[in-house]
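Now for the letters of each chain:
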Amino acid sequence: MGKRFTRQHPGPAALIALLVTALLGVGLAPAASGEAESRRVGTDFGAVTGAASGRGSPTIPAAAAGIPRLTDARGRTLTLRGWNVKDKIHRGPDALSAITERHFADLRAHGFNFARLLVFWDDLEPRRGRYSEAYLRKIGRILDWAREHGVHVVIDAHQDVFGPAFGHRGIPAWATRTDGLPFTPHPDDWFAEYFEPAVQRAFTHLYEDADLQRAQARMWRLLADRFGGHPAVFGYDLINEPMGELRAGEDLASAAHRIEATQLTPMYRRLAAAIRTRDRSNHLFIEPTPIVGEGVPTGLGRVPDERVVYAPHFYNTAMEAGADYDPAADWITAYENAVTAYPREHSVPVVVGEWGPLNSGLPNMRRFHDDALASFTRYSSGWAAYVWCYGGGYCALDRDGRFRTNKERTATPYAPAVAGTVRADTHDPADATYRLAYRSTRRPGTTVLCLPPSTTGWRIEVSGRTAHPSARSVPPGQARQVRVWAYDGAEVEVMVRPGSGRRG
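Cut-offs used in this document
Residues numbered from 1 in each chain as written. Predicted model: local features only at pLDDT ≥ 70, side-chain atom pairs only at ≥ 80, totals over all residues. Heavy atoms only, no water. Buried < 20%, exposed > 50% of the residue type's maximum accessible area, 1.4 Å probe, protein only. Helix = DSSP H or I, 4+ residues; strand = E, 2+ residues; numbered from the N terminus. Pairing = 2+ DSSP bridges. Expected span 1.5 Å × (residues − 1). Contact = heavy atoms within 4.5 Å. Disulfide = S-S within 2.5 Å. Phe/Tyr/Trp six-rings, centres within 6.5 Å; stacked < 30°, edge-to-face > 60°. Lys NZ or Arg CZ within 6 Å of the ring centre and 35° of its normal. Axes fitted to C-alpha atoms, helices over the stretch in contact; angles between N-to-C directions. Core = buried A, V, L, I, M, F, W, Y, C linked by side-chain atoms within 4.5 Å. pLDDT = per-residue confidence, 0-100.

## So, the pairing of strand E6 (residues 283-286)
Both faces of E6 are covered, namely the face carrying His283 and Phe285 and the face carrying Leu284 and Ile286. Across three bridges, the pairing between E6 and strand E7 (residues 308-310) is parallel. From the neighbouring strand, phenylalanine 285 faces E7, where its bridge partner is valine 309.

And the structure:
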């Protein structure tokens, strides 16, 4: 975003004041205050839940009650773990050129099986009715890399501050209608630009103008027709971080609820219907407004489709403005209470579409990563952190391909596919021990464990009648998949512990 089209920080004065005022108005606790500067190893390819991580994760998480998990065609419980993959810098002939096969090879090498791929409508359809075949070919090439390395992909129709009419990316300029309302850029406060009158009116027109509704549906039909049968594609994220127009006298929380109920829900229903004319099988990821990150339950209604996935983002205002994580602020509890209401009511699985701090080196960020991963385990089928790139800022890796401070805590053992009913699924970061317990299916089934590279390697212990693993150890420095076979309703327990550290 901004000059380099990378995700940048919201100014603390504008954003925190807006959110705290709005949230106090509806009786919710604000996030911790802070100071300035701020803000994703495949399985066998027919499968893509339940990986756990974090301190004190309950064996059967209370937050997950009534929330279904993702499953595959064989009925196995699935987990998606990965990162966002993006190129916000290049456009036109150079669009997507920053994404290479290395991204997917490295994701796999670190044990991840999932990528949320950012694509931009303004690159796909730079002129109304004229779609870029070159852009479609580039998306196809990226998906081929993902398939080659066993990474499942959600195609994300990304927008930041609506699109290029306001200096960002997303909805094309030809689809941007402002009714002549003013727009003032905020170079050091990009999120504040969402509250500019012209940007807010542009969202209203996108949601309500019949010709723009048809154009957006055509765009999604094209993507679904072109890529719906690609083996790497797991689903479609219909729009990134949607916002809307506040009415006079309306606080932010009330506005978000109205926008979600009266504009986003009909839009998602329209786009779901459009995609289903071309693709009947892949998942549809729907997002609330970003206000859910401050503990405000969504106003979204039901989207009548059997493969809907609720895909909120996990960002804290104070940390986005540069503050360290404050465990005492209880932000994660407020977030969980808000984010679990919708999937429980509508019986849809959850995948967290974005999360991760800009400055992962602050004193409490080790604790933040462990607490965040534990939170996701309590209610979600997975997550995509932000962002798989090589450098500074939000990047997972430095320029030499090494994890940046505390980012390595995202790479833990997990079970991409479990052939049975999960009883317990926990990771203890204190001793790096992973435990999976499940009741196997009656017929023989394959559970997949994904073990990231470790300096000590791994020891795998499996107990249970009829259960046996494909390996009982993994040497240091290697990412491996270990399969566990069991049948006849056996109670299976898997323990993965650090190895001896010896190679060979």
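## Some points on helix H5 (residues 197-208)
Here H5 is 12 residues long and its end C-alpha atoms lie 17 Å apart, about the 16 Å a rise of 1.5 Å per residue gives. When you tally the buried positions in H5, you get nine out of 12 residues, the bulk of the element. Taken together, the buried positions of H5 are occupied by Ala198, Val199, Gln200, Ala202, Phe203, Thr204, His205, Leu206 and Tyr207. Buried-residue contacts for H5 involve helix H3 (121-124), helix H6 (210-227) and helix H7 (252-276).

## Brief notes about the state of the cysteines
If you walk through the whole model with that rule in mind, you get one disulfide. What pairs with cysteine 389 in a disulfide is cysteine 395, and their sulfur atoms sit 2.0 Å apart. Disulfide cysteine 389-cysteine 395: the torsion about the S-S bond is -105 degrees, which places it as left-handed.

## A short note on the packing of aromatic side chains
Considering all chains together, one arrives at 30 aromatic pairs under this definition. A centroid spacing of 5.5 Å and a plane angle of 85 degrees characterise the contact between tyrosine 386 and tyrosine 394, whose relative ring orientation is edge-to-face. Residues tyrosine 386 and tyrosine 394 agree in their burial class; the two are buried. A network of ring pairs unites the aromatic residues Trp83, Phe112, Phe314, Tyr325, Trp331, Tyr335, Trp355, Phe368, Phe376, Trp383, Trp388 and Phe403 as a single cluster. In this structure, arginine 102 packs its charged tip against the face of tyrosine 390, placed 3.9 Å from the ring centre. Stacked on the ring of phenylalanine 120, the Lys or Arg arginine 169 has its end atom at 4.4 Å from the ring centre.

## Section: the pairing of strand E11 (residues 414-418)
Within E11, five of the five residues are buried, which leaves the element mostly enclosed by the surrounding structure. Direction of pairing for strand E1 (residues 77-78) relative to E11: antiparallel, over a ladder of two bridges. When the bridges of E11 are listed, leucine 78 appears paired with alanine 417. Bridging between E11 and strand E14 (residues 445-451) involves two bridges; their strand directions are antiparallel. Paired with alanine 417 across the strands is valine 448, a residue of E14.

## Examining the sheet that holds E6
Ordered by their spatial adjacency, seven strands build an open sheet running E7-E6-E5-E4-E3-E2-E10, and the pairing between neighbours is parallel. Edge positions in the sheet fall to E7 and strand E10 (382-385), since each has one partner strand and no second. Adjacent strand axes in the sheet meet at a mean angle of 25 degrees, parallel and antiparallel pairs treated alike. Note: strand E2 (residues 80-85) against strand E3 (residues 114-119), four bridges, orientation parallel. Paired with glycine 82 across the bridge in E3 is phenylalanine 114. Across the sheet, helix H2 (residues 101-109) touches E2 and E3, and the angle it forms with E2 is around 155 degrees.

## Remarks on the nonpolar core
Within the largest apolar cluster, 102 residues are counted, with the highest numbers of intra-cluster contacts made by Phe104, Phe314 and Trp355. The leading source of residues in this core is H7, at 11 residues. Not counting residues within four places of it along the chain, the set of residues in contact with tryptophan 355 comprises Phe314, Tyr315, Phe368, His369, Ala372, Leu373, Phe376, Trp383, Ala384, Ala385, Tyr386 and Thr410. Counting residues in hydrophobic clusters, the runner-up holds 19 residues, among them Val418, Tyr438, Val492 and Val494.

## Some words on the sheet that holds strand E13 (residues 433-440)
Here five strands make up an open sheet; going across it, the order is E12-E13-E19-E15-E17 and the pairing antiparallel. One side of each edge strand has no neighbouring strand; the edge strands of this open sheet are strand E12 (420-428) and strand E17 (473-474). As defined by bridge partners, E12 adjoins E13 across eight bridges and the pair is classed as antiparallel. What sits directly across from glycine 420, in E13, is serine 440.

## Let's talk about the confidence of the model for the chain
Per-residue pLDDT for the chain has a mean of 89; in total, 87% of the residues score no lower than 70. Throughout residues 1-17 the model reports pLDDT below 50, and contacts reaching past four residues in sequence, or to other chains, amount to 63 contacts. Counting interchain partners and residues more than four positions distant, the pLDDT-below-50 stretch residues 19-62 has 176 contacts.

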